[in-house]
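Read off the chains here:
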Amino acid sequence: MGRHRRPGGHEACVAGSTILYPIDHPEKFEKFGMTPSRGVLFYGPPGCGKTLLAKAVASECSANFVSIKGPELLTMWFGESEANVREVFDKARAAAPCVLFFDELDSVGVARGSGGGDAGGAGDRVMNQLLTEIDGVGVKKNVFFIGATNRPELLDEALLRPGRLDQLIYIPLPDLPARQNILEATLKKSPIAPNVPLPFVAQKTEGFSGADLAELCQRAAKAAIRDAIAAEELKAGDDAMDDGAASEIGRKKHFEEAFAGARRSVAATDLAKFDQFRKKFDPVYMTQSGGGSGMVINWPDGPGIGGGNAAAAADDDDDLYG
């Protein structure tokens, strides 16, 4: 993926700029006296490519990629989970520039005080250690933290404050063009019959996640493989049999059989939870969805805070230091 070409859409562009700009343009941040953002949260339905997007961002930035699943850090031994968190961040700092990807962040980033009587507040200690490491993750080296979760409402809000995971990026279910691209990528090595239009299949799969589409293709392929094996067995007994039809792995009946067993893994209730989270933490989305009004800023006419009239009145007063 080219450094200046971001085909991943708005989500990839935002995440890419968060990581890429400090690497390519550190002088700009220094000029404007700002510390670059160090954390991004990808949230959305399962099976929609959050991990792939994180890998694509790391590749685009020519950065190393360290991936960890949250549950892998948790142990039953006192203090060992916190040590595992420190070890992961030390590994990322040693590999800088590095993208540290935390999958299933909700397993270790759960809101403090919600442990339900866990052993000695182990969950809270792990959470505190995680916050400490994120605060110091990029002090001296280019280390960027990307968290991913399907359950953002469980996260401790301290993780989401500015300076930590201050870029919240929603990864939605794929739209029609995305579904067609996923189908084409999944079936690029499969011979598809001419009478099976993938754009039509994409239209029939509204509400499917990327994982659901992959399962649909796998079901169709399994049906085709079964027919191909049956055709070969028949041909073994009749060499004159024409197996031309059996050589097409993507026939209509295979997809019809796949659709019969296909399912949407993301329910409407799950999408409603994501919508509520977006309205709480994304003011722009809140305004666009009609749930609020954007802030109206009436800038003063002159350099004075109170506007031109206030500045003029101030000029009439005696100068205290005159």
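Residues numbered from 1 in each chain as written. Predicted model: local features only at pLDDT ≥ 70, side-chain atom pairs only at ≥ 80, totals over all residues. Heavy atoms only, no water.

- Where an unreviewed UniProt entry is consulted, the chain appears under the name AAA+ ATPase domain-containing protein, with the organism given as Prorocentrum cordatum.

## Digging into the overall build of the chain
Now for step 1: Per the secondary structure count, the chain includes twelve helices and five strands.
Now for step 2: The proportion of buried residues among the 322 residues of the chain is 34%.
Now for step 3: If you take every contact in the chain between residues at least 6 apart in sequence, the share linking residues at least 24 apart comes to 77%.
Now for step 4: Accessible surface computed for the chain: about 18,600 Å², of which carbon and sulfur atoms make up 54%. (Helix = DSSP H or I, 4+ residues; strand = E, 2+ residues; numbered from the N terminus. Buried < 20%, exposed > 50% of the residue type's maximum accessible area, 1.4 Å probe, protein only. Contact = heavy atoms within 4.5 Å. Areas by Shrake-Rupley, 256 points an atom, 1.4 Å probe, with all protein chains shown as cover.)

## Quick look at the pattern of salt bridges
Now for step 1: As enumerated under the stated definition, the model contains 13 salt bridges in all.
Now for step 2: The partner of E104 in a salt bridge is K69, with the nearest N and O atoms 3.9 Å apart. You can see E104 sitting in the loop between strand 3 (98–103) and helix 5 (122–135) and its partner K69 sitting in strand 2 (residues 64–69), a full 35 residues away along the chain.
Now for step 3: Of the residues examined, K69 reaches a relative accessible area of 37% and is grouped as partly exposed. (Salt bridge = Lys/Arg side-chain N within 4 Å of Asp/Glu carboxyl O.)

## Side note on the pairing of strand 1 (residues 39–43)
Now for step 1: Taking burial as the measure, the five residues of strand 1 include five buried ones, the bulk of the element.
Now for step 2: Every second residue of strand 1 is oriented toward a common face, with G39, L41 and Y43 on one face and V40 and F42 on the other, all of them buried.
Now for step 3: In terms of strand pairing, strand 1 meets strand 4 (residues 143–149) through five bridges, oriented parallel. Residue F42 lies in a different strand from strand 4, and its bridge partner there is A148.
Now for step 4: Strand direction decides the pairing type here: strand 1 and strand 5 (residues 167–170), joined by four bridges, are parallel. Opposite Y43, over in strand 5, you have Y170 as the bridge partner. (Pairing = 2+ DSSP bridges.)

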